[in-house]
Structure formats: C-alpha cells, structure tokens
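Fold and contact review
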Amino acid sequence: MADTWSIGKHTFTSRLLVGTGKFPDFPTMQRAHLASGAEVVTVAVRRLDLAAKGEASLLEWIPKHMTLLPNTAACFTAGEAIRTARLGRELGMGDLVKLEVIGDPRTLFPDVVGLVEAARVLVKEGFTVLPYTNDDPVTARRLEDAGCAAIMPLGAPIGSGLGIRNPYNLRIIMEAASVPVLVDAGVGTASDAAIALELGAVAVLMNSAIAGARDPVMMAAAMRDAVTAGRQAFLAGRIPMKLHAAASSPMSGLIGS
Amino acid sequence: MAIQVRLNGELRELPDGLTVETLLTHLGVKATRVAVEVNETVVTKDRYVAHRLGAGDSIELVAFVGGG
C-alpha cells in the first residue's frame, strides 16, 4: 500500500511542502519545485502592484500538478488573517489555508491567542486550516479543538535555519494530536528535515532552506531524499539510545583465547 | 463626475458609475490574476458586473506572490 497522508479532502504522497518566496528567479524556483517532488506549494497574498502591468505572474511558474496553499504571512491580527485567507481562497479556488497570525516582528513567533480566534472563524467558513504555531502542546490542543485540519509547530523561527530546537515538545504534540502534525519553519539543511520525519511528523514545510541555498535545485533534491529517509527511519523503528556499548560482533570465539 | 476611493491604501479619483468589472478594465488588470475586496468584504467573480463602486469605498486588489 502506498504511504500517503491526508489533510481534509486532500491526499498526498510527498511529505515535503515547499514555498515560493526568496528564490533568485522563477525558472530556478520551478526547477527546484520539480526536484523537490513536493505536491503542495505555499503562496502569499499581497496588494497588486498597479504600476507594474504585464509583470510575469508567479502562478505561471508553479507546476500545474501542485496544490496551492495560500498563507496569511505578515498578518498581525486575527482580523487581517481572516480577510487575507478569504482573498486567498478567492484567488486560488481552494479550501486550504496556512494560517499565520504573527505576534512579534523580530522573531515572527505566532500570536497564539489571535491564531486560535482566527482558526475558529475560518473553520466555520469551511476552510481547511493549517495553523503555523509554537511548539506548545497546549496551544496545539486548542487549535485541534478549534477544528484545524492539522497542526504545524515551528522547528525554529521562520527563516532562521536553526533546525529542530525542541524535539521533545514536538514529540509531545505528535503523541497527543489526532490530526496530522507538520513541522513548519526552522529547517536549515537536509538532516533537519530528516529529524522532523524521524520524530513522527507527517510532513515538513520549508521555504528559505531551499530558496536561500547556494544551489536551490540541488538542495530541493537533498530535501526530497532527506524526507524520504526520515520517514523510512520512523517507520522502520530506531533502536533505543544507550549510554554504553552493545557489541555488534560476537564477544566469544576470539583467537588466542 | 468623479468619485474618490481608497485603492490599495491610496486615495484615488475614479470615474463615477464604475463596477468592479469596469474598474479592472479601467486599470488594465486581468481578472483571472486578482481577487477583489470592497470595504473588507470579498467580491466574488460572479458579482464583478453587478457590484457598483461608490464614493469612499475602500478597495483592495490582491494577487499571489512568492511566500513560505
């Protein structure tokens, strides 16, 4: 049986979700997206630049088989996030939204109070809500209670590349959640993505780690492989950690004994 | 006759009697690429022809851009 995962009415095979920000150019972004094997791609909603007519549209560079996940990035209140989500749905014609309500410009940590408030409203309006949240198990529970289709705790601050800073909290969130848990933000390199999946995350979402790499296309391929490896290691079941050695070769039958 | 509206945050004079549909034509914007909000409520594509703009309206025209 294929190893798939589902969110709302959507089912995916790839466990890597990618972004569209900060790429050096659209052709590089497109090649990176194809190399990543990702099926879901995030986009932001912004005011149209009325002076720049005929500008190349982002959408023309996103492979057609990919599902759009509009975000509410840079919204600092529940109200702004709700309006942005509605506009994103109108633009993308889909029900998915990556819900962000930011509480602090320096760390981009979520305002979890506003997040839960916005989630409640959007769930009622029929959105499939994927909230970007802190690595806090209690907030995760509140979001699930609000009807979110997934929980997306951060590994580290957005764009920081610091990796998975609190694997224990992520494990606690995953243990308690009955909706998919995706690690969103903080990934810096392939091993970080592998760790997220090894911990039991259903998938991992990243933008900067790929877009900002010296070779975004090669990094996208590395992330694809890391996510596959991490998932397989999770399913295979790792050995327990021990303080002392446990020999792999027989200790008896040695010559000269 | 002209009316004053706020378009993407900026005060702007528009000809009176525009609908969302004719506003997009007036601005040279392709309807397939944008979403429209008037006074904090989304105007869906099926209402572009019927939705008349009035003085003092606050209009947002948005599109998808790169983001994570």
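Given the structure is predicted, the values throughout are model-derived calculations rather than measurements.

Things to note about the overall build of chain B
A count of helical and extended segments in chain B gives one helix and five strands. Along chain B, helices and strands appear, N-terminal first, in the series β-β-α-β-β-β. Its C-alpha atoms give chain B a radius of gyration of 12 Å, within 12% of the compact-globule value 11 Å for 68 residues. A buried classification covers 43% of the 68 residues belonging to chain B. Considering only residue pairs separated by 6 or more positions, chain B has 47% of its internal contacts joining residues 24 or more positions apart.

Observations concerning the packing of helix α1 (residues 26-36) of chain A against helix α8 (residues 216-236) of chain A
Residue and element names in this part refer to chain A. Where α1 meets α8, the axes come as close as 7 Å, and the angle between the chain directions of the two elements is 20°. Viewed along their axes, α1 and α8 adopt a mutual orientation that is roughly parallel. Seen from above, α1 lies across α8 with right-handed handedness. Residues T28, R31, A32, A35 and S36 of α1 form the contact with α8, whose participating residues are P216, V217, A220, A221 and R224.

Things to note about the interface of chain A and chain B
In this assembly, 29 residues from chain A lie in contact with 27 residues from chain B. Around 2,400 Å² of area is buried between chain A and chain B when both sides are counted, 61% of it from carbon and sulfur atoms. Contact with chain B buries surface across chain A, with R47, L48 and E90 of chain A losing the most and accounting together for 28% of the total. Inspection of the chain A/chain B interface yields three salt bridges. Taking the shortest distance from any N to any O, the salt bridge between R47 of chain A and E60 of chain B comes out at 2.7 Å.

Notes on the packing of aromatic side chains
All names here are of chain A. Within the structure shown, the criterion is met by two aromatic pairs over all chains. Taken together, a centroid distance of 6.2 Å and an interplanar angle of 25° make the contact between F26 and W61 stacked. Here F26, found in helix α1, pairs with W61, found in the loop between β4 (40-47) and β5 (67-70); they are 35 residues apart in sequence, far enough to count as distant. One residue, R89, lies across the ring of F127, its end atom 3.8 Å from the ring centre.

Examining the pattern of salt bridges
This structure, assessed with the given rule, holds nine salt bridges over all chains. In this structure, the salt-bridge partner of R83 of chain A is E40 of chain B, at a minimum N-O distance of 3.4 Å. Of the two residues, R83 of chain A is situated in helix α2 (residues 78-92) and E40 of chain B in the loop between β3 (35-38) and β4 (41-43); the pairing between them involves two chains. Exposure remark for R83 of chain A: the relative accessible area of 23% places this residue in the partly exposed category.

A closer look at the sheet that holds strand β8 (residues 152-153) of chain A
Through backbone hydrogen bonds, the strands of a sheet pair up, either in parallel or in antiparallel fashion. Residues and elements named next belong to chain A. An order of β6-β7-β8 is seen for the three strands of this open sheet, with the pairing classed as parallel. Edge positions in the sheet fall to β6 (96-99) and β8, since each of these pairs with one other strand and no more. Two elements, strand β7 (residues 128-133) and β8, share two bridges in a ladder whose sense is parallel. In the sheet register, Y132 faces β8, and the bridge partner there is M152.

Quick look at unusual backbone geometry
Residue and element names in this part refer to chain B. Its identity is not glycine, yet N8 carries a phi of approximately 45°, on the positive side. Position of N8 relative to the elements: it lies in the loop between β1 (2-7) and β2 (10-15). Although it is not a glycine, N39 adopts a positive phi angle of roughly 50°.

Let's talk about the environment of A31 of chain B
All names here are of chain B. Counting through the fold element by element, A31 comes out in the loop between α1 (20-27) and β3. Distance in space between the C-alpha atoms of A31 and K45 is 8.1 Å, their sequence separation being 14 residues. Look past the residues within four positions of A31 in its chain and what remains in contact with it is L24, K45 and Y48.

Quick notes on the pairing of β1 of chain B
Burial of β1 of chain B is one-sided: the residues I3, V5 and L7 of chain B facing one way are buried, the residues A2, Q4 and R6 of chain B facing the other way are not. Count of turn residues in the β1 of chain B/β2 of chain B antiparallel hairpin: two residues, of which N8 of chain B carries a positive phi of about 45°.

Quick look at the environment of M29 of chain A
Residues and elements named next belong to chain A. Considering the arrangement of structural elements, one finds M29 in helix α1. Between the alpha carbons of M29 and R89 there is a distance of 23 Å; along the sequence they are 60 residues apart. Leaving out residues up to four positions away in the same chain, M29 has contacts with T20, F23, L58, W61 and I62.

Details of the confidence of the model for chain B
On average, residues of chain B carry a pLDDT of 94, and 100% of them reach 70 or more. For this predicted complex, the interface score ipTM comes out at 0.95, while the overall pTM is 0.94.

Quick look at the nonpolar core
Residues V204, M206, I210 and M223 of chain A are the most contacted members of the largest nonpolar core, which totals 68 residues. By residue number, the principal contributor to this core is α8 of chain A, which donates seven residues. Ignoring anything within four residues of it in the chain, the contact list for V204 of chain A reads R15, L16, L17, V183, V187, A193, A196, L197 and V227 of chain A. Ranked by size, the runner-up nonpolar core spans 20 residues in total, among them L48 of chain A together with L18, V34 and A63 of chain B.

What counts and how
Residues numbered from 1 in each chain as written. Chains lettered and ligands numbered in written order. Predicted model: local features only at pLDDT ≥ 70, side-chain atom pairs only at ≥ 80, totals over all residues. Heavy atoms only, no water. Helix = DSSP H or I, 4+ residues; strand = E, 2+ residues; numbered from the N terminus. Rg over C-alpha atoms; globule rule 2.2 N^0.38 Å. Buried < 20%, exposed > 50% of the residue type's maximum accessible area, 1.4 Å probe, protein only. Contact = heavy atoms within 4.5 Å. Axes fitted to C-alpha atoms, helices over the stretch in contact; angles between N-to-C directions. Parallel < 35°, antiparallel > 145°, perpendicular 65-115°, else oblique. Left-handed = near helix turned anticlockwise from the far one by under 90°. Buried area = accessible area lost by both parts, 1.4 Å probe. Salt bridge = Lys/Arg side-chain N within 4 Å of Asp/Glu carboxyl O. Phe/Tyr/Trp six-rings, centres within 6.5 Å; stacked < 30°, edge-to-face > 60°. Lys NZ or Arg CZ within 6 Å of the ring centre and 35° of its normal. Pairing = 2+ DSSP bridges. pLDDT = per-residue confidence, 0-100. Core = buried A, V, L, I, M, F, W, Y, C linked by side-chain atoms within 4.5 Å.

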